[in-house]
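Structural features, examined
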Amino acid sequence: MDINDTSNIEQISPKVELINLEKHGDERGSLIALEPDINVPFDIKRVYYIFDTKSGVDRGFHAHKKLKQLLICTSGSVDIDVEYGTTKQTYHLDNSSQGLLIEGLVWRVMKNFKENTVLMVLASEKYSEQDYIRNYDKFKEMNK
Ligand code: T46
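Here we come to the sheet that holds strand E5 (residues 59-64). Here we have five strands laid out as an open sheet, ordered E8-E7-E10-E5-E12, and antiparallel in their pairing. The open sheet is flanked by strand E8 (87-93) and strand E12 (132-133), the only strands paired with a single partner.

Attention now goes to the site of the ligand. Neighbouring the ligand are 13 residues; Arg46, Arg59, His64, Gln69 and Tyr132 lie closest to it. Contact distances for the ligand include 2.6 Å between an oxygen atom and a side-chain N or O atom of His64. Between the ligand and Tyr132, the relevant distance is 2.5 Å, taken from an oxygen atom to a side-chain nitrogen or oxygen of the residue. At the level of elements, strand E4 (46-50), E5 and strand E10 (107-111) are the ones that each hand at least two residues to the shell around the ligand. The element that contributes the greatest number of residues to the shell around the ligand is E5, accounting for four residues.

Together, Ile44, Val47, Tyr49 and Phe51 line one region of the surface with nonpolar side chains, adding up to about 390 Å² of accessible area. Turning to its location among the elements, Ile44 is positioned in the loop between strand E3 (29-31) and E4.

Once that is clear, we can look at the pairing of E10. Here is the key point about a regular strand: its side chains alternate between the two faces of the sheet. Burial runs high along E10: four of the five residues are buried. Where E5 meets E10, three bridges bridge the pair, whose relative direction is antiparallel. When the bridges of E10 are listed, Arg59 appears paired with Met110. For strand E7 (residues 78-84) and E10, the ladder comprises five bridges, and the chain directions are antiparallel. Bridge pairing in E10 places Asp81 opposite Val109.

What follows concerns the packing of aromatic side chains. If you walk through the whole model with that rule in mind, you get five aromatic pairs. A ring pair is formed by Trp107 and Tyr136, whose centres lie 5.1 Å apart and whose planes are at 75 degrees; its orientation type is edge-to-face. Of this pair, Trp107 sits in strand E10 while Tyr136 sits in helix H1 (residues 136-142); the two residues are 29 residues apart in sequence, bridging distant segments of the chain. On the accessibility criterion, Trp107 (8% relative accessible area) is buried. On the basis of an interplanar angle of 35 degrees and a centroid distance of 5.9 Å, the ring pair of Tyr136 and Phe139 is categorised as tilted. Here Tyr136 pairs with Phe139, and both are found in helix H1, just three residues apart, close to one helical turn. Looking at Phe139, the relative accessible area reads 0%, which means it is buried. Cluster of aromatic residues (ring-pair linked, three or more members): Trp107, Tyr136 and Phe139.

Definitions and limits used
- Residues numbered from 1 in each chain as written.
- Predicted model: local features only at pLDDT ≥ 70, side-chain atom pairs only at ≥ 80, totals over all residues.
- Heavy atoms only, no water.
- Pairing = 2+ DSSP bridges.
- Helix = DSSP H or I, 4+ residues; strand = E, 2+ residues; numbered from the N terminus.
- Near = heavy atom within 4 Å.
- Polar contact = N/O pair within 3.5 Å; in protein donor to acceptor, adjacent residues only side chain to side chain.
- Patch = residues over 30% accessible without salt bridge, like charges linked within 9 Å, V, L, I, M, F, W, Y side chains within 5 Å.
- Areas by Shrake-Rupley, 256 points an atom, 1.4 Å probe, with all protein chains shown as cover.
- Salt bridge = Lys/Arg side-chain N within 4 Å of Asp/Glu carboxyl O.
- Buried < 20%, exposed > 50% of the residue type's maximum accessible area, 1.4 Å probe, protein only.
- Phe/Tyr/Trp six-rings, centres within 6.5 Å; stacked < 30°, edge-to-face > 60°.

Structure, rendered in structure tokens:
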């Protein structure tokens, strides 16, 4: 199978949205629960987290065809550049009570990681390299 062949994967409309996550706090500290249909708008099939981050090292540089993801910065901070359609925007994530929802064909770059940031990501699909668009020119072509 050609892992660069993304033609057989259904494409979904791009969407980016900041979601406020309700916090249950008391004198012991805080707790946030993440649950499909409550505060996560998809069924969660995978969770991964990015850690041991270093300042000055950027990540991402790709889009997804079908994937929906919720990015939560549980510690530290990071800037997420997103691009889709005619929109280009940067989100600063430094608060574990907020999640950045990214759906579909959105080019993303994660940059300005504070040292030892933890970025947790909930994903709607299992890992599949076929869902990635890693070539910016191809992404721009698909955006037309
Ligand atoms: C995304 C941003 C926010 C796996 O084996 N399984 C996985 O679930 C993932 C996400 C990655 N990998 C492997 C693939 C690569 O060999 O881990 C390595 C690093 O992945 P990548 O270079 O894609 O990492 P980032 O930080 O550039 O992007 C990741 C996600 O891949 C991507 O979906 O939206 O975080």
